[in-house]
Amino acid sequence: METTLNSINSTNSSVKASYIAKKISGKLFGPDNLFTGVFNTLGDSNSGDMVIRHWINEKGVEIAFKKGASGIITTDAREEAVDSAIKHGISLILVEKIEIANSFALAWTINRFAPKSKRIVITGTNGKSTTTHMIYHILKTVGWNVFTNTDSKSEFNTLIDPMVAKLISEHALNSENSYKVQNNSENTTNQINPENHDIYCGKNQIDALIIEVSEIQGWLDKVMKNHAFLMTQAIDPDVVVITNVALDHIGLVNSLEEAYDEIYGAVKAINAGFVVLNSDDVLVKKMADSLNQGITPFYQGKGCELEFLSEAGGIFFKGKLLIGTDKLPFKSQHFLENTLSAISACISLEVPLEDIVNGLTSYRALKRRFSIIKESPRIIDDFAHNPDGIRATIKSAASLTANIPNNNNNNNNKGSTSSKNNNKLLVVCSIRGSRGDEINYINSQALSESLNELKMDFELIISASSDVVDNLNVVEEHEKNIFLETLESFKIDYTFEETLENSLKKVLAMARDDDTILLIGAQGMDPASELLDSLKD
């Protein structure tokens, strides 16, 4: 079963449901309708669309009918869904794996809306969103018509649903000067006109798709095997970027070897072009040992043709200074690695070096990617949610804290005459809720080891964030216990606060102007910036 762009019929912009069923090894129930819309979610579907959904019942079929959808693809047709589809004249395709349907949808959509685009896939455990966003910004600055699926929470980088295909369709349909057809049904929207296929392949061509791919994905606590391979194969990229290999999705995979195999799937899936490899990561560098024929490795890192040399003052390409340290938007280690990867991808696309430099100097990070949200005291917010992210973020925050001039100019410091830099790092960390014991154990271990390595004073506040998380991210008692017990085993002093609001109040009361407050964690720390704004008064 192939879902590559080359395997998809691109001679017509409309295809029968039976064609789709055959391509995804599905079974068709109901009429063999003509699919004239886009692949979509049930809630946003319009006339002619094909809905992709894990499960659907009779009520869902009726919603699709009222919206004018031509068909539904699902792995689970519940209750009277099949009979309802036949009754309402909707094609219903049953498939064994929803990711096969979504990978087909992605390949079909690219072939339909962006067949001549340059395509870049970014995957790995850490740094995917920042690297993706940085490439996107550089190419947009150059003037390319670019699409990316990356947002601040990395919600659109999976094959669980048809969101990436849907977003590409919307980007093409909403591009300036794009062809627009007003639907006469109750839901007025942009529709695909079968007679105007060339419109989308000509002057409105999307120049580049920069797509972040989740390295590991699961559904109902089961790993979707070969997720990165399937998605990359569907995209058929010119460049694949691998950031690093580390443990994050505990329970879906439970060893570095398993994580490596899933991430390496993206490398196996590329047929021609470049693979950007972080040579400072041993496992990533190893991927070059078995590249497909016709693939060119592009190494970035220490000793490579593209590297950051701290002593020499910047990033060098082939021995020549490309951009000085003073012009880099961020200087922490993990941001430097992301920057090198982004530059490598753009060089692989033959973007002029001066354009790359111009894009970098104007870049601003995604929300919660080592974002400095306040000064005096400096408050840094970072989506550090796994061991490598925690270690890198604490190391970078400590380095910044050590270099803050100690002015001794606030009330807490009155009377001090010491010239010694005694700035303190104040860490507020949210526990990952509803993720199990193992990820919280290794996160707490990484936090403990990082703090024990600091050569400065620190304070640690742990929060369950019970006042801000939804029911999918509640910290269970056993998760809280494993996190705190691990801290205690490393002899780390901490304060526990049940709510995020109390955690922030406490840390603000502790902080002097010369200190640094570091906010780290996943969903439980997401609302911190807004909460801080409300606490100003």
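The following refers to the structure shown. (Residues numbered from 1 in each chain as written. Predicted model: local features only at pLDDT ≥ 70, side-chain atom pairs only at ≥ 80, totals over all residues. Heavy atoms only, no water.)

## Some words on the pairing of strand β8 (residues 118-123)
With 5 of 6 residues buried, β8 is to be regarded as a mostly interior element. As paired strands, β8 and strand β13 (residues 239-242) are joined by 4 bridges and run parallel to one another. The partner of Thr123 across the bridge, within β13, is Ile242. (Buried < 20%, exposed > 50% of the residue type's maximum accessible area, 1.4 Å probe, protein only. Helix = DSSP H or I, 4+ residues; strand = E, 2+ residues; numbered from the N terminus. Pairing = 2+ DSSP bridges.)

## Overview of the packing of aromatic side chains
All told, the structure shown has 6 aromatic pairs when counted by the stated rule. For the pair Phe35 and Trp108, a centre-to-centre distance of 5.0 Å together with 45° between the ring planes defines the contact as tilted. Here Trp108 lies in helix α4 (residues 98-113) and Phe35 lies in strand β3 (residues 34-35), a separation of 73 residues in the sequence. Taken individually, Phe35 and Trp108 each receive the classification buried, so the pair is uniform in this respect. Every member of this aromatic cluster is reached through a ring pair, and the members are Tyr19, Phe35, Phe39, Phe104 and Trp108. Positioned above the aromatic ring of Phe113, the side-chain terminus of Arg112 is 5.2 Å from the ring centre. Lying over the aromatic face of Tyr260, Lys286 brings its terminal NZ or CZ to 5.0 Å of the ring centre. (Phe/Tyr/Trp six-rings, centres within 6.5 Å; stacked < 30°, edge-to-face > 60°. Lys NZ or Arg CZ within 6 Å of the ring centre and 35° of its normal.)

## Some details on the nonpolar core
Core analysis: the largest hydrophobic core is formed by 61 residues, its most contacted members being Ile120, Ile135, Leu139, Ile210, Leu425, Leu447 and Ile462. In terms of residue count, the dominant contributor to this core is helix α11 (residues 333-348) (8 residues). Core analysis: the next-biggest nonpolar cluster, separate from the first, contains 60 residues, Phe35, Leu159, Ala172 and Leu209 among them. (Core = buried A, V, L, I, M, F, W, Y, C linked by side-chain atoms within 4.5 Å.)

## Concerning the sheet that holds strand β23 (residues 495-497)
An order of β19-β20-β24-β21-β22-β23 is seen for the 6 strands of this open sheet, with the pairing classed as mixed. Strand pairing shows two members of the sheet lacking a second neighbour, β19 (371-374) and β23, which therefore form its edges. On average, adjacent strands in this sheet sit at an angle of 25° to one another, irrespective of strand direction. In this sheet, strand β24 (residues 516-520) lies alongside strand β20 (residues 378-382) in parallel orientation, the contact comprising 5 bridges. Note on β24: the bridge partner recorded for Ile379 is Ile517. Packed on one face of the sheet, helix α16 (residues 500-510) meets β20, β21 (425-430), β22 (458-463), β23 and β24 and runs near 165° to β22. (Axes fitted to C-alpha atoms, helices over the stretch in contact; angles between N-to-C directions. Contact = heavy atoms within 4.5 Å.)

## A few points about the pattern of salt bridges
Per the stated rule, a full pass over the model turns up 9 salt bridges. Between Lys166 and Asp44 there is a salt bridge; the shortest N-O distance is 3.0 Å. Of this pair, Lys166 sits in helix α6 (residues 163-173) while Asp44 sits in the loop between β4 (39-40) and β5 (50-56), placing them 122 residues apart in sequence. Taking the relative accessible area as the measure of exposure, Lys166 reaches 6% and is therefore buried. The class of Asp44 is partly exposed, set by a relative accessible area of 41%. For Asp515, the salt bridge identified is with Arg512, shortest N-O distance 2.8 Å. Given a relative accessible area of 1%, Asp515 falls into the buried group. Counted as one network, the salt bridges with shared partners bring together Asp44, Lys166 and Glu170. (Salt bridge = Lys/Arg side-chain N within 4 Å of Asp/Glu carboxyl O.)

Keep in mind these values describe shape, not function.
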